[in-house]
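# Coordinate inspection notes
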Amino acid sequence: MSELEQADKEFCSKILKYRRIVDNLVILCEGVRGYLNIHSPQQIGELEYLPDANFWRQTIPDSSWKNKRPIFIPCGSRSDIIRIYPKLIDLHNNNPDNSYLSPEKLFILIDLDIQCQNIGDICSHYQTTEELYHAIYQNNPIDTNIIDQSKIIITGWIHKEAYFLEPDLQDYLQQELSYTKITYKNNPLSLEEIYQDMIQDINNDTDINQNLDNVLKRIEKFLSISIPDKNSLINKCQKLNHNSQVTPEENRKLIEVILKIVKAKPYWEDKIIIEDDYLSKDKAEDNVLLAIARFYANSCNLSHQSNSTVYHIPQWVNFLYEKHQELNR
């Protein structure tokens, strides 16, 4: 057994012995795994408060879930999750009497990314992350039956940080965080300016160039039009906010095109500056992330209204709630 295989086994064993997963949904998500700092099953719970897991945890509304919200456990990269998921189930099946896991309540949450990854070993219906993405997001609302079938939630935008650039957050953050200053290029945050800069990044993005066929197919299906090459893609995106004939609905679709293919993480981590009159830098940044998570959590309560389908996160959170209810009847 290799060192990595041994580390995976020990990590999975501690998850299975973590008492708080009893009767709860468990979501394996991306983020620093930190298994080297885990010496007991109880310390698995500390991983829930690491940035990635904590953000997803905060998108779950308190009012409906109470103390039975899903347990989010960061497991490393997308590849790590895809590798760990079947090992966790195998370890449970080999000794179910010493496991608190309910395999039917186990899901994974992974980023779409630009690169296509094979998932055939953990999903019998779809061979790649790209196939799964198209199946879930081919219509609006998203097809949560596919999530139920595959046990995989995949982001509809390139990765988690893209959801921090949701256009409706522009006004929301200004209203929610009156003492927090969020700037981009030394000016008050303008998401529209970020979108324009992201369009400029398309041309020199190595990942887009190396995976161009997948990128073009992704956008062709989303817009239901032919996009034969990268120049056509850029020209289409440049209509954003530069064409008076573009409707608000079309404008939003163009923003979504950008957020599906251009990496948002470098913008959020390196170019957006967050400061607060009363909080340290780290606390101020955490406060903004929690405000964004609340935005999505509050949107979950719109589950029976048509405008709730604008956002991906509340759709899969509402699905998880229904699944939780179903499995605990």
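What comes next concerns the included structure. (Residues numbered from 1 in each chain as written. Predicted model: local features only at pLDDT ≥ 70, side-chain atom pairs only at ≥ 80, totals over all residues. Heavy atoms only, no water.)

## Thoughts on the pattern of salt bridges
The full count for this structure, using the stated rule, is 20 salt bridges. Here Arg 33 ties to Asp 8 by a salt bridge, and the two come within 2.8 Å at their closest N and O atoms. Residue Arg 33 is found in the loop between strand E1 (26-29) and helix H2 (44-47), and its partner Asp 8 is found in helix H1 (residues 3-16); the two are separated by 25 residues along the sequence. For the pair formed by Arg 33 and Asp 8, the shared burial category is buried. In this structure, Glu 166 engages Arg 252 in a salt bridge whose closest nitrogen and oxygen atoms are separated by 2.8 Å. Remark: Arg 252 occurs in helix H13 (residues 248-261) and Glu 166 occurs in the loop between strand E4 (152-154) and helix H8 (169-176); sequence separation between them is 86 residues. Of the residues examined, Glu 166 reaches a relative accessible area of 1% and is grouped as buried. Taken together, the shared-partner salt bridges connect Asp 8, Arg 33, Asp 80, Arg 83 and Lys 87 into one network. (Salt bridge = Lys/Arg side-chain N within 4 Å of Asp/Glu carboxyl O. Helix = DSSP H or I, 4+ residues; strand = E, 2+ residues; numbered from the N terminus. Buried < 20%, exposed > 50% of the residue type's maximum accessible area, 1.4 Å probe, protein only.)

## Quick notes on the packing of aromatic side chains
Scanning the model with the defined rule gives 15 aromatic pairs in all. Each ring, one from Tyr 163 and one from Trp 316, has its centre 6.2 Å from the other, and the planes form 85°; the classification is edge-to-face. Of this pair, Tyr 163 sits in the loop between E4 and H8 while Trp 316 sits in helix H16 (residues 312-327), and the two are 153 residues apart along the sequence. Its relative accessible area of 1% is what places Tyr 163 among the buried residues. On the numbers, 5.1 Å between centres and 70° between planes, the contact of Phe 295 with Tyr 311 is edge-to-face. Of the two residues, Phe 295 sits in helix H15 (residues 281-299) while Tyr 311 sits in the loop between H15 and H16, which places them 16 residues apart along the sequence. Overall, the relative accessible area of 9% leaves Phe 295 in the buried class. Given the relative accessible area of 10%, Tyr 311 is considered buried. Positioned above the aromatic ring of Phe 11, the side-chain terminus of Arg 33 is 5.0 Å from the ring centre. A cation sits over an aromatic face here: Lys 260 above Phe 222, 4.6 Å from the ring centre. (Phe/Tyr/Trp six-rings, centres within 6.5 Å; stacked < 30°, edge-to-face > 60°. Lys NZ or Arg CZ within 6 Å of the ring centre and 35° of its normal.)

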